[in-house]
Amino acid sequence: MSAYRISGLGRVAEAAAVNFTFDGKRYQGRAGDSLASALLANGVLLMGRSFKYHRPRGLLGAGAEEPNALISVDRGGGRFTPNLRATAIELYEGLDARSQNRWPSLQNDLGAINDRLGRFFPAGFYNKTFMWPRSFWEKLYEPAIRRMAGLGDAPTDADPDVYDACYAHCDVLIVGAGPAGIDAALAASASKKKVILIDEQDELGGGALADPTLWPWLAESLKDLAKLTNVTLLPRTTAFGYYHDNFIGAVERLTEHLPDPGHGAREKLWRIRAGEVVLAQGAIERPLVFAGNDVPGVMLASAARTYLNRFGVAVGRNVALMATHDSGWRDAFALARAGVRIAAIVDLRETVDAVLLAEAAELGVRVELGSAVIGVAGRHAVEGIEIARADGSARQQLDCDAVLMAGGWTPSVHLWSHSLGKLEWSEDWGAYLPGKANENVRCLGACGGKWSFGSGVYVGQLPTPKNPATIKAFVDFQNDVTAKDIALAIREGMKSVEHIKRYTTNGMATDQGKTSNLNALQLASAALDRPVQAIGLTTFRPPYTPQTFGALAGHAKDALFQPTRKTPIDPWAEAQGAVFEPVAQWRRARYFPKAGEDMHAAVARECLAVRQSVGIFDASTLGKIEVVGPDAAEFLNRMYTNPWKGLEPGRCRYGLLLREDGFITDDGVSARLAPDRFHLTTTTGGAARVLNMMEDYLQTEWPDLNVWLTSTTEQWAVIAVQGPKAREVIAPLVSGIDLSGDAFPHMAVREGTICGVPTRLFRVSFTGELGFEINVPSAYGRHVWEAVWQAGQAHGIIPYGTETMHVLRAEKGFIIVGQDTDGTVTPYDAGLDWAVGKKKADFVGKRSLARPDIVANGRKQLVGLLTDDPAEVLVEGAQIVEDPNQPIPMKMIGHVTSSYWSASLGRSIAMALVAGGFDRMGDTLHVPMPGRTITAKVVKPMFYDAEGSRLNV
Amino acid sequence: MILIHCPYCDDTRPELEFAYAGEAHIARPLDPSALSDADWERYLFIRANPKGRHNERWRHVHGCGRFFNAVRDTVTDKFELTYKAGEPRK
Amino acid sequence: MTRFSAFSLFAKALGGHQSWPELWPDAQPKAEYDAIIVGAGGHGLGAAYYLAKKYGITKVAVIEKGWLGGGNTGRNTTIVRSNYLYDESAHLYDHAVKLWDGLSQDLNFNVMYSKRGVMMLAHNVHDVQSFQRHIHANRLNGVDNEWLTAEQAKEYCPPLDINPNARYPVMGAALQRRGGTARHDSVAWGYARAAAALGVDIIQNCAVTAIRRGPDGAIEGVETERGFIKSKKVGVSAAGNSSVIMQMAGLDFPLESYPLQALVSEPVKPVFPCVVMSNTVHAYISQSDKGELVIGAGTDQYVSYSQRGALHIVEHTLAAICEIFPLFRRMRMLRNWGGIVDVTPDRSPILGKTPVPGLYVNCGWGTGGFKATPGAGDLLAYTMAKDEPHWINAPFNLDRFRNGRLIDEAAAAAVAH
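In this report, the structure presented in the accompanying data block is examined.

A few words on the interface of chain A and chain C. Opposite the 128 residues of chain A that make contact, chain C presents 114 residues. On the chain A side of the interface with chain C, the three residues burying the most area are Arg146, Arg502 and Phe549 of chain A, jointly 8% of the side's total. When the shortest N-O distance is used, the salt bridge between Asp289 of chain C and Arg146 of chain A registers 2.8 Å. Here the element with the most residues in the side of chain A that touches chain C is helix 4 (residues 136-148) of chain A; it accounts for seven residues. Residue composition of the side of chain A that touches chain C, grouped by class: 59 nonpolar, 37 polar and 32 charged. Strand direction decides the pairing type here: strand 29 (residues 547-548) of chain A and strand 17 (residues 332-343) of chain C, joined by two bridges, are antiparallel. Across the sheet, the residue bridging to Gln547 of chain A is Met333 of chain C, located in strand 17 of chain C.

Okay, the packing of aromatic side chains next. Residue and element names in this part refer to chain A. Counted by the stated rule, this structure contains 45 aromatic pairs over all chains. Plain terms: the ring middles of Phe617 and Tyr800 are 5.0 Å apart, the flat faces sit at 15 degrees to each other, and that makes the pair stacked. Remark: Tyr800 occurs in the loop between strand 43 (798-799) and helix 22 (802-811) and Phe617 occurs in strand 32 (residues 615-618); sequence separation between them is 183 residues. Overall, Phe617 belongs to the buried group, its relative accessible area being 6%. What links up through ring pairs into an aromatic cluster is the set Phe121, Phe125, Tyr126, Phe130, Phe136, Trp137 and Tyr141. Residue placement shows Arg11 over the ring face of Trp215; its charged tip is 4.8 Å from the ring centre. Here Arg587 stacks its cationic end above the ring of Phe580, 3.7 Å away from the centre of that ring.

Turning our attention to the interface of chain A and chain B. The interface is formed by 27 residues belonging to chain A together with 25 residues belonging to chain B. Carbon and sulfur atoms supply 46% of the area buried between chain A and chain B, which totals about 2,200 Å² over both sides. For the chain A face of the interface with chain B, the top three residues by lost area are His244, Gln699 and Arg847 of chain A, together amounting to 28%. Applying the counting criterion to the chain A and chain B interface returns five salt bridges. Its salt-bridge partner being Asp37 of chain B, residue Arg847 of chain A comes within 2.6 Å of it at the nearest N-O pair. Classifying every residue of the side of chain A that touches chain B by side-chain character gives nine nonpolar, seven polar and 11 charged.

Rules used in this analysis
- Residues numbered from 1 in each chain as written.
- Chains lettered and ligands numbered in written order.
- Predicted model: local features only at pLDDT ≥ 70, side-chain atom pairs only at ≥ 80, totals over all residues.
- Heavy atoms only, no water.
- Contact = heavy atoms within 4.5 Å.
- Buried area = accessible area lost by both parts, 1.4 Å probe.
- Salt bridge = Lys/Arg side-chain N within 4 Å of Asp/Glu carboxyl O.
- Helix = DSSP H or I, 4+ residues; strand = E, 2+ residues; numbered from the N terminus.
- Nonpolar A, V, L, I, M, F, W, Y, C, P; charged D, E, K, R; others polar.
- Pairing = 2+ DSSP bridges.
- Phe/Tyr/Trp six-rings, centres within 6.5 Å; stacked < 30°, edge-to-face > 60°.
- Buried < 20%, exposed > 50% of the residue type's maximum accessible area, 1.4 Å probe, protein only.
- Lys NZ or Arg CZ within 6 Å of the ring centre and 35° of its normal.

Now the structure itself:
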């Protein structure tokens, strides 16, 4: 079928052809192929361009370590994904794959000019220039750098896919389904433990997939595992992070491999808590550092074996091996046995295992010991190599079309490192191996150093007779970090491995240094003449491989991003065409516009209606806490600023709550229902905070008090009926309560029924009008609301929202905590000294009110402001000055906290925090706005019915 | 997400059920008005913030609702033990 | 110091870059210095540089337990802005922003300060009120900050979703055009190189183990892993480890240290032109010159020095990002890490003298220290040189926790009613 496919080899289905395109050109692969193997089979070697120099690149590896072959996949309809590794893309019918970071085409990329100029762009070049002229950085240099940087394009459309998420618990979590992981799963399952086995590939088997001698064992083992009900197998799942207490994050890919992704979840986040974790993640082969080691066709020896044995693809017809480790020899032998010509085995070592030499001889493979590749011919594909003895002598050219690199193995200790397990340097491996564990975790197989790949030597850069300043020998392929970049960093004083990494960007590409970290360490070790373990190791951080934002966000999207709290009356308001606003987690009706009304018109109408007749308002979002117990009054007395013990049952009181630092944190009107029972209210946003604060004091400071606190916010619907007609509206509906002014005065509470529903009826007012707040069980809220609404029709009742509520309360000078206070305001600052119990020895925050700065003069105090021009409505947040003609920076003495058009007064009103405000009554202050200054007079923050005559009816 | 043992529920549960509540064993003075500004500052704001063994408070807010104390190593994040509010410093 | 320029780069390139000198020499501690800075982050190195450059104190050592720039300097999301509410904060951060402008030229090291604009999103009426207050206060303080409608915000940052039916709709934004980003490592390296050129010793891998005080209580010097180093002035600029160092001097501090996480995506071609912050939805994002989306996550709830955060914090952060920028849902997280941030009770820094004569402190920057780097360095240097605070950092004293004159920016953002 294709030039590089070898019949009879591999696990791909020969009969099942799969059509796909790469950069628009049509190709055919086989079911079971990765995009990488399918392209190789078609003789496509050039798959990408490097980050900085735009060098032509082919495959380096066959798995998660791949740094070069980065691909964009467009599935249409907003399903565009950049930066996917060709080795991790499963082939499916119709796959539309595109190369990246090139223009106009992969073959002819103008960006490759950077490669020619590469010597002017060494590590850290951007720190040394682009500084003159100063303004050019943002205008010219930076945009140019940005355009050259980046890999693939970002998606341009909102992602139509959905993502799933779950929690899972198990006795044993095994990461990696190679031979070690599968054996561990079988062993653990025999003891009836609950086991989860995770593997990032589509097929379980790990390294065994590239070793046909293990296939019978693999098939048998997978059959056994499939039968076990206590084992969960998760292929296509990447364990990406290992967090505290054996908590592992993993993402399962559900639809990426399907020709039609359908409507199901694209990926699923698994949050797994495991009793024991077994890491069997294997090891990744290391490339070798020599000039030309990045030409397409130069790749890891183990990758070539994987392409051969798993996919039935030869990576070349005439292949050379450059080895410093035994394992590459066996890979070359496997290719030779499959009929691929081996041009030569070049090994830096003078002596190697006689068994290897014998096998090479048997296969008729030329061997060059004590030698190294010193150059690679070809630009878009390997055309040959130059080799030399380690001392630089005996230079010779060899023809070949692929070069395998066998530089030894790096155990995949990523997750181990996330778990804060210790690492120990192993001379045998030339790598770090797991040491002392920090969690209940074991490492098996190659990732634990418990696997034999043979032996080898480990050098930073292969010896070369060439001038090191003139060659590009790559260490980090994707980020184009060369050996001389590492040398330059060290020359410039970057001696810590973290400095080298950050200065050169080695290990910071999308492969996160899987193939480059150890080589960089070896290079640094050689340059600094210090052992590798003295250089250190950069810390591995999650994720092991890049993971989709969508998967990590999980279900938290749109309406589920944060559930919206709604009151029982919310649907009614929605049906009435209310405009809503988000307040804390709630949504509240802001105003109820009639046809053609904007907010200001609607609010003016609503305000006048409440003042003249009656309005109905949904106050259900107010926080509510039931405080019960023989010491309830004592408890509230200690919490709130004002006295509570003398409050008669049936009466209400405004409560002011401070933090211990003396600043106002919450307020609300609360009622005493019985000697041992209070109904507290809090602000909408403060409910949870206040309950937590009260529980804290009750449980930890005053455990001797016999009090119980219960959140009842959602148990009660609260219907405020406010206005001169309020009593008339509700009277026909109420039974068991004498509503007359004498029997039921302002700031009182009664229990009875309304519409046959039990109620706690508060006579309270946040408007300055005669008002009631009807508390009924939530389930009856809508029913009672509609009954009041019907009863109010005869009186012209209107619904009003939060905006009107704000105006009405401001006309009366009532504060809103969080708007007229900001966490730095004391009761005295807010003019609420009447709410502070002077005779109380203590309450929360009292001591702080005596601190020097709190009793000092000049604190910002809450006052009213009336603009000289009554039509002028100040902007909330506008700043106040004494002298509007002073230069900038001006001395600001305060700011406008609340400001509205008052329809009732026919003018604007405002409240403000002003330094020394109480002593400025009658003064004219200035509010400088862009281009003009507004003047306003300081007044008491009480604009309407100062004597309260409208309340006492 | 760390696992936390609630001494009231006698159960080990994930962190999402709990709310951290700051350093433990900072008792509110019985008579705050008798304190100097410096002593009041110490109560309000000064914290040990040790690198290592830390006595701290947690609340099983989405469980039993109780506040309790713990000793945790702030370098490893591992708990040494948890104990009920009111018990002496461990 | 070899002067950096396009010409020197060109000339050295012809020589194969063989003759670049070390950016800073690896100094061995001397017996005595006129001033010691503990902590070689951007703030500490900046202080050393300004001590030498502006205040003529060149016998200075910066002592670092690890590698320079390895703490929060190298772990943050590099946002620079000064649109703070209170006069004290606005002056403090704007002092830094003024120094950021021109810092590359001053240091002869490109720190890649990019005035890309910082846009803060308002999602509810309370946010709008709060931002208006900021904008008006900033304007009268001479700090740029302007109000944008949702449509204007979208025009400035096209990936933004301004659907009015979103869970937290964008109701507008406050934009500081002078705000932006800088390259974090370069700031530390640039200061280190420039300070070293003025004679400052930068001593890495040398932990301070004790602080020595004389019979009169005044500072005599610091004990380190490499022995005692004498100095009458010690400035501590140790971020998350400040409590530990201050305790060596016998001082308990109003600080707590928390893990703060950040993350980056895989690099993509330019898609995100500015910095966007949303305090209500908890999202902070920009795109680096390399093409990575740089995203700030929240703090974990408990005190910790582990530099290791929890997954659910990242989940929440990315949900927030995807909520405001739905086209990033298919982007992928490349790297996620944690730092240790030291937080004061009012979330404003402490920068000034301490009760110990000769001991100065710069700490408590919480999640926002990077933007202040040049300003904090300069003001710490001033305070150490003059033995009294500059008027800009005078309000950020330790006494405020006693007298109640807190500078509580977070409280001013306050809560919904």
